[in-house]
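As a plain string of letters, each chain reads:
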Amino acid sequence: MSMQTEQKAPGLGRLRRRVIETAARAGEGHIPSALSVLDILWVLYDRILRVDPLAPLAPERDRFVLSKGHASLGLYVVLAEKGFIPAEALDGFCTYDGILGGHPDCTKVPGVEVSAGSLGHGLPMAVGMALGARISGRPFQVFCLVGDGESNEGSIWEAALLAAHHRLSNLCCIVDYNHSTDRALALGDVAAKFQAFGWSAVTVDGHDHEALHAALNAPPTDKPRCVVANTVKGYGCPPMENQPAWHHRGPTAAELPDLLSAVS
């Protein structure tokens with residue numbers, strides 16, 4: 001259970017619209033990536049992570065690492081919904097004096113554990129956090145969300161080997177498997193690959209909250225855990241779903257109304 005009171009899901013359509021509106025105001029943003037992971041982030045912050053917006057640096061808190069930092073808009077709207085940052089901060093996304101950049105900055109944003117953006121670095125940092133928790137005798141769990149394209153990075157698999165070697169049962173890696181880079185390099189059965197590296201692994205529907213909760217809340221074993229979440233890039237906004245042209249840009253004023261009305 002979370003340190004904070006569990007909330008009823010706000011109707012993620014509203015948060016999806018907030019992602020799109022924020023990117024439109026800024027004129028930039030990785031909207032489809034944010035929508036791909038939004039369900040995962042909501043389940044984590046609403047039902048899994050032991051975190052408190054009133055004490056974001058509490059020593060016993062669980063740690064969450066958004067390794068695919070370009071999906072930051074998804075994280076920001078959840079942090080705002082949960083009270084880590086004021087909702088008005090979203091209006092300053094990607095502005096000179098705003099705290100919310102295109103990639104999250106842990107020196108500016110409460111609730112952000114690491115400054116992310118260079119792909120492949122988040123899981124190695126999460127391994128270090130999990131190992132540090134064991135050495136210091138602290139009970140917190142570490143969750144890290146990586147992208148499938150990011151998993152082409154060798155550093156992901158080096159970290160996976162190290163985590164298995166140390167049997168870091170307090171570590172969970174979530175793979176956002178939206179298949180957006182299959183045309184460049186298909187990963188195939190990601191769960192089987194993590195299992196071959198010494199992890200326990202399951203594959204779930206990354207937009208099914210109950211399936212996500214069951215996988216993320218599974219009893220620990222003596223191995224690190226991987227949850228492969230099958231997702232749709234741009235999920236919940238059909239005109240953006242699986243459309244590479246939307247990878248990084250903000251909607252124009254003319255496009256915005258139709259996109260918002262299409263959101264489910």
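None of these values were measured; they are calculated from a predicted model. (Residues numbered from 1 in each chain as written. Predicted model: local features only at pLDDT ≥ 70, side-chain atom pairs only at ≥ 80, totals over all residues. Heavy atoms only, no water.)

J.: Help me out: how do you make sense of the overall build of the protein in this one?
T.: Scanning the protein from N- to C-terminus turns up 8 helices and 5 strands. In the protein, the order of α-helices and β-strands from amino to carboxyl end is α-α-β-α-α-β-α-β-α-β-α-β-α. The globule rule puts the C-alpha radius of gyration for 264 residues at 18 Å, and the 17 Å found for the protein is close to it. Projecting the C-alpha coordinates of the protein onto the three principal axes gives extents of approximately 55 × 45 × 35 Å. By the burial criterion, 52% of the 264 residues in the protein qualify as buried. A separation threshold of at least 6 residues defines the contact pool for the protein, and within that pool the share at least 24 residues apart is 75%. (Helix = DSSP H or I, 4+ residues; strand = E, 2+ residues; numbered from the N terminus. Rg over C-alpha atoms; globule rule 2.2 N^0.38 Å. Buried < 20%, exposed > 50% of the residue type's maximum accessible area, 1.4 Å probe, protein only. Contact = heavy atoms within 4.5 Å.)

J.: How should I be thinking about the state of the cysteines in this particular structure?
T.: Linking two cysteines covalently through their sulfur atoms gives a disulfide. Counting across every chain of the model gives 0 disulfides. Among the cysteines around C172, which has no disulfide bond, C173 carries the closest sulfur, lying 7.2 Å off. The closest cysteine sulfur to the non-disulfide-bonded C237 is located on C94, 19 Å from its own sulfur. For C237, a relative accessible area of 0% puts it in the buried group. (Disulfide = S-S within 2.5 Å.)

J.: Which parts of the structure should I look at to understand the pattern of salt bridges?
T.: One side chain can pair with another of opposite charge once the charged atoms of both are near each other. Under the definition given, this model contains 12 salt bridges. For the salt bridge of K82 with D46, the shortest nitrogen-to-oxygen distance reads 2.6 Å. Of this pair, K82 sits in the loop between α3 (72-81) and α4 (122-136) while D46 sits in helix α2 (residues 31-48); the two residues are 36 residues apart in sequence, bridging distant segments of the chain. For the residue pair K82 and D46, the accessibility class agrees, reading buried in each case. The shortest N-O distance in the salt bridge between R50 and D62 comes to 3.8 Å. In this pair, R50 is assigned in the loop between α2 and β1 (63-66) and D62 in the loop between α2 and β1, connecting sequence segments 12 residues apart. Of the residues examined, D62 reaches a relative accessible area of 4% and is grouped as buried. Three or more residues are tied together by salt bridges with common partners; here these are R18, R25 and D91. (Salt bridge = Lys/Arg side-chain N within 4 Å of Asp/Glu carboxyl O.)

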